[in-house]
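# Architecture and fold: a report
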Amino acid sequence: MSNLREIFDAIDTDHNGFVDKKELTTVVRACNEAGMLGDKPLSESEVEKMAGEIMDICDKGTPDGKLTFEEFQEGMKKITK
Ligand SMILES: [Ca+2]
């Protein structure tokens, strides 16, 4: 996956144009299971906590619990800085 748009579309599994907490949790869990989040796997509650933190960082445009592509893009700039 080469760009944010592709990543966003991959996370938006129901393709409604928004990424919600459930979709974020799914992707964090998948990264966790793939060993991408460090040596020690996260517990399920840690996975949910991390998804919540990503949501909090990204969901700034309209804080409604779902991310537009623009919110996701801005959030990723903050996270990857
Ligand atoms: Ca969605």
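Here the structure is a predicted model, which is why all the values come from computation and not from measurement.

The subject of this paragraph is unusual backbone geometry. Despite not being glycine, H15 shows a phi value in the positive range, around 55 degrees. Following the sequence through the fold, H15 ends up in the loop between α1 (4–11) and β1 (19–20). Residue H15 is classed as exposed on the basis of its C-beta count, with 7 C-beta atoms lying within 10 Å.

A few words now on helix α4 (residues 69–80). Between its first and last C-alpha atoms α4 spans 16 Å; for 12 residues at 1.5 Å apiece the expected length is 16 Å, and the two agree. Against α1, β1, α3 (44–58) and β2 (66–67) lie the buried residues of α4.

In this structure, L37 sits in the loop between α2 (21–33) and α3. Owing to 16 C-beta atoms within 10 Å, L37 belongs among the partly exposed residues under this scheme. Those residues in contact with L37 that lie beyond four places of it in its chain are C31, N32 and L42.

Conventions used here
- Residues numbered from 1 in each chain as written.
- Predicted model: local features only at pLDDT ≥ 70, side-chain atom pairs only at ≥ 80, totals over all residues.
- Helix = DSSP H or I, 4+ residues; strand = E, 2+ residues; numbered from the N terminus.
- Buried ≥ 20, exposed ≤ 12 C-beta atoms within 10 Å, placed from the backbone.
- Expected span 1.5 Å × (residues − 1).
- Contact = placed C-beta atoms within 7 Å.

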